[in-house]
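Next come the chains, spelled out residue by residue.
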Amino acid sequence: MNTLPNIVLVHGAWADGSSWSAVIERLQADGYTVTAPQFPLTTLADNVARLRQVLARQTGPTIVAGHSYGGQIVTALGTDAPNVVGLVYISAFGLDQGESIGALLAQGPPTPALAHLSIDQQGFAWLPEDDFVHHFAADVDPVKAKVLYAVQQPLSVTALGDVMGVPAWKALPSWFLVADGDQTIPPDAERLFAKRMGATTVEIATNHVAMVSHPDDVLQLIETAAQAVSVAH
């Protein structure tokens, strides 16, 4: 009988499910059932609908981990997420009710990774290669970073204006990995999110895509969450 919770991994903007590959391998080796779906990165409602679709397929308790904008998707599940028993944020957005990513980012100068967004005719934002390799994925091997750049999924700019409803972390225990060298989301913002949600927090010396550059640290936090909810249940 597998008493381990399921793990659902939510990628962020300018990434796809493959960004979790190193973490998936490690979780599977430890006996976890893992799902890392692809998200359309269109409206927040569309992204949440995809996550709920995946969550409905899980049997038993599930931990949901979100990276970057994936934290926005996770948070927007609200307080009735099917099967979810814990949330893990990896250098992610963890907004409170009434907040938007755009308003938050507007409080300071653009972060290095987001300074030169390229908006296409359909209203989707892409990261230029230089900013992606040197700022978004700054501590990733450049060869690997260019592969990540090639598979980047653009984010609808409307996502920046989506206003958060009641956040899921109000109802669920949370864990947070702060990336102290993040050049995409300001590290101080990550610290604020973690503190407000009362998350169990670790801070590591990494850039934005910690699950690529520091998969063992990310694995450890997800498994810490999994063990905590297993005890609770």
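Shown above is the structure to which this text applies.
Residues numbered from 1 in each chain as written. Predicted model: local features only at pLDDT ≥ 70, side-chain atom pairs only at ≥ 80, totals over all residues. Heavy atoms only, no water.

1. With respect to the side chain of Thr62
Secondary-structure assignment places Thr62 in strand E3 (residues 62–68). Ignoring anything within four residues of it in the chain, the contact list for Thr62 reads Asn6, Val8, Leu55, Asn83, Val84, Val85 and Gly86. (Helix = DSSP H or I, 4+ residues; strand = E, 2+ residues; numbered from the N terminus. Contact = heavy atoms within 4.5 Å.)

2. Considerations on the packing of aromatic side chains
The tally for this structure, following the rule as stated, stands at five aromatic pairs. Ring centres of Trp14 and Phe136 lie 6.3 Å apart, and the angle between their planes is 85 degrees; on these two criteria the pair is classed as edge-to-face. Separated by 122 residues along the polypeptide, Trp14 in the loop between strand E1 (6–10) and helix H1 (21–29) and Phe136 in helix H5 (residues 129–136) bring together distant segments of the chain. Taking the relative accessible area as the measure of exposure, Trp14 reaches 7% and is therefore buried. Ring centres 6.2 Å apart and planes at 50 degrees place the aromatic pair Phe93 and Phe193 in the tilted group. (Phe/Tyr/Trp six-rings, centres within 6.5 Å; stacked < 30°, edge-to-face > 60°. Buried < 20%, exposed > 50% of the residue type's maximum accessible area, 1.4 Å probe, protein only.)

3. Structural notes on the pairing of strand E9 (residues 200–204)
As judged from the five bridges shared by strand E8 (residues 174–179) and E9, these two strands associate in the parallel manner. Each bridged residue has a counterpart across the sheet, and for Val178 the counterpart in E9 is Glu203. As a crossover connection, the stretch from E8 through helix H7 (residues 187–196) into E9 is right-handed. (Pairing = 2+ DSSP bridges. Right-handed = clockwise from strand over helix to strand, strands pointing away.)

4. Thoughts on the environment of Ile204
Relative to the assigned elements, Ile204 resides in strand E9. The class of Ile204 is buried, set by a relative accessible area of 12%. Placed 14 residues apart in sequence, Ile204 and Val218 show a C-alpha to C-alpha distance of 9.8 Å. Contact partners of Ile204, with chain neighbours within four places excluded, come to Leu177, Val178, Ala179, Asp180, His214 and Asp217.

5. Concerning helix H2 (residues 44–56)
Taking 1.5 Å per residue as the helical rise, H2 with its 13 residues ought to reach 18 Å, and the 18 Å between its terminal C-alpha atoms agrees with that figure. Among the residues of H2, those classed as buried are Leu44, Asn47, Val48, Leu51, Val54 and Leu55. All buried residues of H2 fall inside an arc of 120 degrees around its axis, so they share one side. In H2, those exposed residues whose orientation departs by more than 90 degrees from the buried face are Ala45 and Ala56. (Expected span 1.5 Å × (residues − 1). Arc of directions from axis to C-beta.)

6. Structural notes on the pairing of E8
Of all six residues in E8, six are buried; the element is thus mostly enclosed. Here E8 shows no split at all, with Ser174, Phe176 and Val178 on one side and Trp175, Leu177 and Ala179 on the other all buried. Of the strand pairs in this sheet, strand E4 (residues 84–92) and E8 are connected by four bridges, and their pairing is parallel. Each bridged residue has a counterpart across the sheet, and for Leu87 the counterpart in E8 is Ser174.

7. A few points about the sheet that holds E8
What the six strands build is an open sheet, ordered E2-E1-E3-E4-E8-E9; its pairing is parallel. Across the chains shown, the open sheet's two edge strands, defined by having one partner strand only, are strand E2 (34–35) and E9. Against the sheet, H2 contacts E1, E2, E3 and E4, and its axis sits at roughly 165 degrees relative to E1. Sheet contacts for H7: E4, E8 and E9; angle to E8, the most-contacted strand, approximately 165 degrees. (Axes fitted to C-alpha atoms, helices over the stretch in contact; angles between N-to-C directions.)

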